[in-house]
Amino acid sequence: MKLPRIVITGVGLTAPNGNSLAEFRANLLGGVAGIEWLDVRYMGRLLAGVCHFDALKHQKKKEVRVGTRAGSISIWCAREALADSGIAFDAFPKDRVGIYVGCTEHGNVETENEIFAISKFAYDTKYWSHYHNPRTVANNPAGEASLNLGVTGPAYTIGAACAAGNLGLIHASQMLRLGEVDLAICGGISESIHTFGIFAGFKSQGALATHETPSKASRPFDKARNGIVVSEGGCLYTLERLEDAQKRGAKIYAEIAGYGVNSDASDYVLPNPVRQAECVRKALANAGMDASDIHIVNTHATATPLGDIQECEAIRAVFGEGCPDTHINNTKSFIGHCMGAAGALELAGNLPSFDDLVVHPTINVDELDPLCALPGLVLNTPVKAGKVDAILNNSFGMLGINSTLIVKRFVS
Amino acid sequence: MTTEDCKKAVLDIIADIAPDEDLSNVKSDVRLRDQLQLDSMDFLDIVMELRKRHGIEVPEADYLRLASLDSCAEYLTPKFNALSAKS
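Student: Explanation requested: the overall build of chain A in the structure shown.
Tutor: Scanning chain A from terminus to terminus reveals 14 helices and 15 strands. Within chain A, the fraction of its 412 residues that count as buried is 56%. Excluding contacts between residues fewer than 6 apart, the proportion of contacts in chain A whose partners are at least 24 apart in sequence is 80%.

Student: I'm lost on the overall build of chain B in this one. Help?
Tutor: A tally of regular secondary structure across chain B gives 4 helices and 0 strands. Along its sequence from the N terminus, chain B presents helices and strands in the succession α-α-α-α. Over its C-alpha trace chain B gives a radius of gyration of 12 Å, about what one expects of a compact globule, namely 12 Å for 87 residues. Dimensions of chain B, computed from the C-alpha atoms along their principal axes, are close to 35 × 25 × 20 Å. Taken across its 87 residues, chain B has 21% of its residues classed as buried.

Student: Looking at this structure, how should I read the interface of chain B and chain A?
Tutor: The extent of an interface is frequently quoted as the accessible surface area lost upon association of the parts. The partner chain A presents 7 residues to the 7 residues of chain B that form the contact. Within the side of chain B that touches chain A, the residues separate by chemical class into 4 nonpolar, no polar and 3 charged.

Student: Sorry, what's going on with the nonpolar core here?
Tutor: Inside soluble globular proteins, nonpolar side chains tend to come together where they are buried. Counting 121 residues, the largest nonpolar core has Ala78(A), Ile99(A), Ala184(A) and Leu345(A) as the members making the most contacts within it. Two domains share this core, each providing at least three of its residues, namely domain 1 (6-247) and domain 2 (259-408) of chain A. Ala78(A) has contacts with Gly12(A), Ile99(A), Ala145(A), Leu149(A), Ile185(A) and Leu236(A), leaving out every residue within four places of it along the chain. Formed by 15 residues, the second largest nonpolar core is a distinct cluster that contains Ala9(B), Ile14(B), Ala18(B) and Leu50(B).

Student: Where do I start with the confidence of the model for chain B in this structure?
Tutor: Caution applies to low-pLDDT parts of the model: their predicted coordinates are not meant to be read in detail. All names here are of chain B. Within chain B, residue pLDDT values average 95, and 100% of them lie at 70 or more. Between the elements of chain B, mean pLDDT differs from a low of 94, seen in helix H4 (residues 69-86), to a high of 97, seen in helix H1 (residues 3-17). Overall fold confidence for the complex sits at a pTM of 0.97, while the interface term, ipTM, reaches 0.93.

Student: Even after reading the chapter, I still don't get unusual backbone geometry, so can you show me in this structure?
Tutor: Where the residue is not glycine, phi is negative for most of them; where a peptide bond is considered, it is trans in most cases. Residue and element names in this part refer to chain A. Here the phi dihedral of Ala265 falls at roughly 50 degrees; this positive angle occurs in a residue that is not glycine. Assignment of secondary structure puts Ala265 in the loop between strand S9 (254-263) and helix H10 (273-287). Even without a glycine there, the phi angle at Leu357 is positive, about 60 degrees. Tracing the backbone through its elements, the reader meets Leu357 in the loop between helix H14 (353-356) and strand S12 (358-359). On the basis of neighbour count, Leu357 is assigned to the partly exposed category, with 14 C-beta atoms found within 10 Å.

Student: What am I meant to see in the sheet that holds strand S3 (residues 44-49) of chain A here?
Tutor: Residues and elements named next belong to chain A. Here 3 strands make up an open sheet; going across it, the order is S2-S3-S7 and the pairing mixed. Each end of this open sheet is capped by a strand with a single partner; those strands are strand S2 (35-40) and strand S7 (230-231). As defined by bridge partners, S2 adjoins S3 across 6 bridges and the pair is classed as antiparallel. Counted as the bridge partner of Asp39 is Arg45 from S3.

Student: Teacher, can you tell me more about the pairing of strand S8 (residues 233-241) of chain A here?
Tutor: The side chains of a regular strand alternate between the sheet's two faces. Residues and elements named next belong to chain A. Burial runs high along S8: 9 of the 9 residues are buried. Alternating residues of S8 divide into Gly233, Cys235, Tyr237, Leu239 and Arg241 and Gly234, Leu236, Thr238 and Glu240, and every residue in both groups is buried. Of the strand pairs in this sheet, strand S1 (residues 6-14) and S8 are connected by 8 bridges, and their pairing is antiparallel. Paired with Leu13 across the bridge in S8 is Cys235. Bridge count for strand S6 (residues 183-190) against S8 is 7 bridges, and the pairing is antiparallel. Residue pairing in the sheet places Ile185 in a bridge with Thr238 of S8.

Student: What exactly am I supposed to notice about the pairing of strand S4 (residues 97-103) of chain A here?
Tutor: Residues and elements named next belong to chain A. Within S4, 7 of the 7 residues are buried, which leaves the element mostly enclosed by the surrounding structure. Burial of the side chains of S4 extends over both faces: Val97, Ile99, Val101 and Cys103 are buried on one face and Gly98, Tyr100 and Gly102 on the other. By the bridge criterion, 5 bridges tie S4 to strand S5 (residues 155-159) in an arrangement that is parallel. Across the sheet, the residue bridging to Ile99 is Ala155, located in S5.

Student: What should I look at first to understand the packing of helix H3 (residues 69-85) of chain A against helix H6 (residues 140-149) of chain A in this one?
Tutor: How two helices pack is summed up by the angle between their axes together with the distance between the axes. Residues and elements named next belong to chain A. Running from amino to carboxyl end, H3 crosses H6 at an angle of 50 degrees, the nearest separation of the two axes being 8 Å. For the element pair H3 / H6, the angle class is oblique. Taken as a pair, H3 and H6 cross one another with a handedness that is right-handed. Taken together, the residues of H6 that come into contact with H3 (itself represented by Ala70, Gly71, Ser74, Ile75 and Ala78) are Asn140, Pro141, Ala142, Glu144, Ala145, Asn148 and Leu149.

Student: Would you take a moment to explain the packing of H1(B) against H4(B) for this structure?
Tutor: Residues and elements named next belong to chain B. Where H1 meets H4, the axes come as close as 8 Å, and the angle between the chain directions of the two elements is 105 degrees. With respect to each other, H1 and H4 are oriented roughly perpendicular. The residues of H4 that touch H1, namely those facing Thr3, Cys6, Lys7 and Val10, are Leu69, Cys72, Ala73, Leu76, Thr77 and Phe80. For the contact of H1 with H4, the class distribution of residues is 7 nonpolar, 2 polar and 1 charged.

Student: Got a minute to help me understand the sheet that holds strand S10 (residues 296-298) of chain A in this structure?
Tutor: Through backbone hydrogen bonds, the strands of a sheet pair up, either in parallel or in antiparallel fashion. Residue and element names in this part refer to chain A. Taken in spatial order, the 10 strands make up an open sheet running S5-S4-S6-S8-S1-S9-S15-S14-S10-S11, and their pairing is mixed. The strands lining the two open edges of the sheet, one partner per strand, are S5 and strand S11 (327-329). When strand polarity is set aside, the average angle formed by the axes of neighbouring strands in this sheet is 25 degrees. Pairing geometry for S10 and S11, over 3 bridges, is parallel. Paired with Asn298 across the two strands is Asn329, which belongs to S11. Helix-sheet contacts for helix H7 (residues 164-178) involve S1, S4, S5, S6, S8, S9, strand S14 (390-397) and strand S15 (401-408), and the interaxial angle to S6 is about 165 degrees.

Rules used throughout
Residues numbered from 1 in each chain as written. Chains lettered and ligands numbered in written order. Predicted model: local features only at pLDDT ≥ 70, side-chain atom pairs only at ≥ 80, totals over all residues. Helix = DSSP H or I, 4+ residues; strand = E, 2+ residues; numbered from the N terminus. Buried ≥ 20, exposed ≤ 12 C-beta atoms within 10 Å, placed from the backbone. Contact = placed C-beta atoms within 7 Å. Rg over C-alpha atoms; globule rule 2.2 N^0.38 Å. Nonpolar A, V, L, I, M, F, W, Y, C, P; charged D, E, K, R; others polar. Core = buried A, V, L, I, M, F, W, Y, C linked by C-beta atoms within 7 Å. Domains from an automatic or database assignment. pLDDT = per-residue confidence, 0-100. Pairing = 2+ DSSP bridges. Axes fitted to C-alpha atoms, helices over the stretch in contact; angles between N-to-C directions. Parallel < 35°, antiparallel > 145°, perpendicular 65-115°, else oblique. Left-handed = near helix turned anticlockwise from the far one by under 90°.

As structure tokens, then:
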């Protein structure tokens, strides 16, 4: 059966180092990280990736007050993606639009805020907000976007830990191919820096990055890496079936080539390189590609001592030494770990490579860990590639959820 | 507290919960919902803020008493005054 081809026609994002694809890309090529100090409740000053978009560009003050940070990020990204796509959205049938938002978790921020608020009233629950439930339902980030945009088609989140950003795109592709919707707004978002719990959890796990210089804190593959920098962010795309996109003369960023999703079934938090390699191979098979057809591998590596090594083991198993045209990079070295947004944001940062043939580097590698010394790793400065026809994006998450998405240069 | 003070206290709350609204010409005798974009959740906000800021309880059966500024003043001013008499 020949499936409809799916293409990316718009990108909307907010990252700790940029609020548009152009700004984000310029900073990835310019070596500009976006990590700063953030006061975290109960914990004090910690390193975090903070986004600085203007929520009031697309929301009323009341929407911001009533809604969640995750909702604001979704709305920003969705509106920016739609504007970028050039689609005549006002006239588009809203029941044929799907919103599929990947998120690592949702509700922790809002629950922590409410507990803190009632602590000022001796924990009397009559002071608990009536907004708690609409703010904490798992579909909140997608639902707020549907309210803002007037979308009456399916709008929900996909919970897949830090693999969720890719899952948003994958799920949207599937829904477009099934004919469930005609336009998908999809990707991933995260408001994680507003919950102390994620910082405290990683700290208890021994996986929270520390560094005296914020921009140097996130350092995948470096020998001195010491953990994750938690970040917020979002990236939503407009996806369409190729024939629809061509009919309206849309700009096409890339075509969805293939994907793989699987589960480790081995541990709550420890990655499993065997399953990761299987996921990558599954994606290659789905795309009908060989490893040597991939020109950029964007790694998931979060700068934990063990996790980076294990992903490198998986990549080595698939790409080995026989892929001289394959470059490998990492975006978290600039923006930290944007959790549910990671896969979608990191893909976006690499999309312009189809046009400029430049591969953004992994920064902050002062001394490469020999166990992470993959052939083709792009360290500290961008490199010009001979060709960039396919990008493979890895995103893995807790409870062993793995996702690999491959996009390719669009050729009519 | 006078009824005018009471209306101001209510308007201060509305200014926070409906920050996009222009409150300069709110008519006291017209239902708030008929002149401002307020939904049922916003009215719950007014009830919550009266509780948090002023220690005033509005039982559910009395929610309709908050319909307009005039009805708010009529219903809430004695409550405000009863509280200040206690303190």
